[in-house]
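An overview of the molecular structure
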Amino acid sequence: MPANRTQRSKDTTPPRTGADEKATLRGFLDYLRDAVADKVAGVPEPQVRTGGVPSGTSLLGLLRHLAFVERFYFLGEDVGDWGATMRPSAQDTVDGVLADYRKTVERANEVIDACPDLALPAPRPPRPGPAPSMRWVLAHMIEETGRHAGHADILREQIDGSTGR
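As the structure is a prediction and not an experimental result, all values here were calculated from the model.

Taking 1.5 Å as the rise per residue, helix α2 (residues 59–75) with 17 residues should run 24 Å; its terminal C-alpha atoms sit 23 Å apart, in good agreement. The buried count for α2 comes to 15 of 17 residues, which makes it a mostly enclosed element. Positive backbone phi, at 75 degrees, marks G76, one or two positions downstream of α2.

Here it is, written out as structure tokens:
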């Protein structure tokens, strides 16, 4: 580790949810959402938008992408170019992308909370075939967010040595 990096480790345990299936799934999803947002918070320019791997994936790009995924699956908003969701624009800032992500999560949680039965279809843009159930979407979003949380862990450690959630 370079001399200018400081090792920071902050670990939290998984949530103790379990009131019911929806609370358990949402609890784990919120836990992962917070982990990703925490990895982006406080990272200075240009490191936050600099790709840390050959694909060009950056912390800001990951968070921006996850906001689009949340809007697609929970709010029914279409995405024209998934690849573009990973590329922050010059106008995107850490504070702006974090605020957008948090507002999107808040809106998504309202949709989740309003769903009376996880077997019901989740909102989505018009597509052929039936919409996936809210249960499937929650499980998928735990997988999607967890996958990108792992990417964010590695990218953040490369930037300043921070580890943990």
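That shown, we press on.
V40, V48, L59, L63 and Y101 are the most contacted members of the largest nonpolar core, which totals 21 residues. Listing elements by their share of this core, those giving two or more residues are α1 (21–40), α2, α3 (94–114) and α4 (134–160). Counting residues per element, this core draws most heavily on α2, at 6 residues.

Let us look at the pattern of salt bridges. Scanning the entire structure with this criterion turns up 15 salt bridges. Salt-bridge contacts for D153 lead to K39; the nearest nitrogen and oxygen are separated by 3.6 Å. Here D153, found in helix α4, pairs with K39, found in helix α1; they are 114 residues apart in sequence, far enough to count as distant. Residue K39 is classed as buried on the basis of its relative accessible area, which comes to 3%. Notably, a salt bridge pairs R71 with E77, separated by 3.5 Å at the nearest N-O pair. With relative accessibility at 10%, the residue R71 sits in the buried group. In the salt-bridge network here, residues are joined through shared partners; they are R26, D30, R33, E70 and D113.

Analysis parameters
- Residues numbered from 1 in each chain as written.
- Predicted model: local features only at pLDDT ≥ 70, side-chain atom pairs only at ≥ 80, totals over all residues.
- Heavy atoms only, no water.
- Helix = DSSP H or I, 4+ residues; strand = E, 2+ residues; numbered from the N terminus.
- Expected span 1.5 Å × (residues − 1).
- Buried < 20%, exposed > 50% of the residue type's maximum accessible area, 1.4 Å probe, protein only.
- Core = buried A, V, L, I, M, F, W, Y, C linked by side-chain atoms within 4.5 Å.
- Salt bridge = Lys/Arg side-chain N within 4 Å of Asp/Glu carboxyl O.

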